[in-house]
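Examining the three-dimensional arrangement
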Amino acid sequence: MMSIVFKIFNVGFRQVLRDGMLLLLIPAPFLMGAVLRYMLPFADKILQQRLDFSLSPWYAVSDAMVLTLTPVMMAMICAFVILDERDEGIGIYYNITPANGYAYLVARIALPMIWGFISSILVVSLFAFTVKDPLIIVISSFIGTLQGVVVGMFLVTVAGNKVEGLALAKLSNIFVMGFIIPWITQSPVRYIFGILPSFWIGEILSNTGIHVFTMLTYGLAGVISCLFLITALTKKFLRRILH
């Protein structure tokens, strides 16, 4: 089965190489991390000199954004490749292979999102302002990766074609912005946003000196919210790509 998976993956990867927009999304997280890492201190210096205002208390928000968006960019690549192939009827072809569609799902979602997880860890390790704890990086990256799967499934499930997928990708940014809530309010009311996986990334990063048990609790909550959303989307998602 793995040989079939890698063959299908190679077909998709060649498709990405031919599409300039999708190809740009691969290095985009590293470019985003580098720009934020070097431009925010520069902007902070200017603001302190001219307006006596500092951005440094908000550096952790930048780290949360990088952790959230990095896997989502990879998920968008997955979604657009699947939408292209669905428009061409290729998904139906894979459904009648010996792997019965499972190889297609692994090649189009699982393998790319493994890279999404790894790239999230790399980008944060290289460019983060405040996140240095390896456990925080791994847990937050894992939540972000599962959230990326949710975003990819949502785009494929709702979009009728790649053009609609592009429009919905912009709207999905609202969904992944939950990480900023813990910096806006500490009221218990904020937990109504707990259905958003990115909210739990924000909870982890906004708590300076967070206790390991609290971190693991927030991490578990983030995973549960992802699994709930994935479960809710799975049936329609499979119907859209394999039938």
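So, here's what we can say about the structure. Quick caveat: nothing in here was measured; it's all calculated off a predicted structure.

**Digging into the overall build of the protein**
- Each helix and strand in the protein was counted, giving 11 helices and zero strands.
- Seen in sequence order, the protein has helices and strands lined up from the N terminus as α-α-α-α-α-α-α-α-α-α-α.
- Its C-alpha atoms give the protein a radius of gyration of 19 Å, within 12% of the compact-globule value 18 Å for 243 residues.
- Seen through its C-alpha atoms, the protein measures out along the principal axes to roughly 60 × 35 × 30 Å.
- Counting every position in the protein, which comprises 243 residues, the buried fraction comes to 50%.

**Things to note about helix α3 (residues 28–51)**
- At M39, α3 is bent by approximately 25°, the largest bend along its length, and proline P41 sits one to four residues beyond.
- For α3, every residue scored as buried is listed here: A28, P29, M32, G33, L36 and D44.
- Residues of α3 that are buried in the fold lie against α2 (20–25), α4 (59–87) and α6 (102–127).
- In the stretch just after α3, D52 is the one whose phi turns positive, near 55°.

**Digging into a nonpolar patch on the surface**
- The grouping of I114, W115, I118, L122 and L126 at the surface amounts to a nonpolar patch, some 450 Å² of accessible area in total.
- Examined against the element boundaries, I114 turns out to sit in helix α6.

**Re the pattern of salt bridges**
- Enumeration over the complete set of coordinates arrives at two salt bridges.
- Close ionic contact of E85 with R108 constitutes a salt bridge, the shortest N to O distance being 2.7 Å. Of the two residues, E85 sits in helix α4 while R108 sits in helix α6, which places them 23 residues apart along the sequence. Assigned by exposure class, E85 and R108 land together as buried.

**Regarding the nonpolar core**
- Counting residues in hydrophobic clusters, the biggest one holds 71 residues, and the most contacted among them are I204, L205 and F237.
- If you tally residues by element for this core, the top one is α4, at 18 residues.
- Residue contacts for I204: discarding those within four places in its chain leaves I136, I139, S140, I143, I210, M215, Y218 and G219.

**Describing the environment of E164**
- Relative to the helices and strands, E164 is located in helix α8 (residues 162–175).
- For the pair E164 and L83, spaced 81 residues apart in the sequence, the C-alpha separation amounts to 9.7 Å.

Each value, and the rule that gives it
Note that residues are indexed from 1 along each chain, following the sequence as it is written. Reporting in this predicted model follows two pLDDT cut-offs: at least 70 for local features of residues, and 80 or more for side-chain atom pairs to be given and counted; totals over whole chains, interfaces and linings ignore these cut-offs and use all residues. Derived side-chain values reflect all non-hydrogen atoms in the structure, with water molecules and hydrogen atoms excluded from consideration. Under the DSSP-based scheme used, a helix requires at least four consecutive residues in state H or I and a strand at least two consecutive residues in state E, with every element numbered from the N terminus. Values of the radius of gyration come from C-alpha atoms, whereas the globule rule sets the reference at 2.2 Å times the count of residues to the power 0.38. Partly exposed describes any residue whose relative accessible area lies between the buried limit of under 20% and the exposed limit of over 50%, with all areas from a 1.4 Å probe on protein chains only and scaled to the type maximum. At any given residue, the bend is defined as the angle formed between two axes, one fitted to the seven residues that end at that position and one fitted to the seven that begin there. Any pair of residues with heavy atoms lying within 4.5 Å of one another is described as a contacting pair. Residues enter a patch when their relative accessible area is above 30% and they make no salt bridge; the linking distance is 9 Å between like charges and 5 Å between nonpolar side chains (Val, Leu, Ile, Met, Phe, Trp, Tyr). Per-residue accessibility takes into account occlusion by the displayed protein chains alone, with areas from the Shrake-Rupley method and a 1.4 Å probe. Every case where a carboxyl oxygen of Asp or Glu lies within 4 Å of a side-chain nitrogen of Lys or Arg is listed as a salt bridge. Nine residue types can take part in a nonpolar core, namely buried Ala, Val, Leu, Ile, Met, Phe, Trp, Tyr and Cys, and a core is a set of them joined through side-chain atoms within 4.5 Å.

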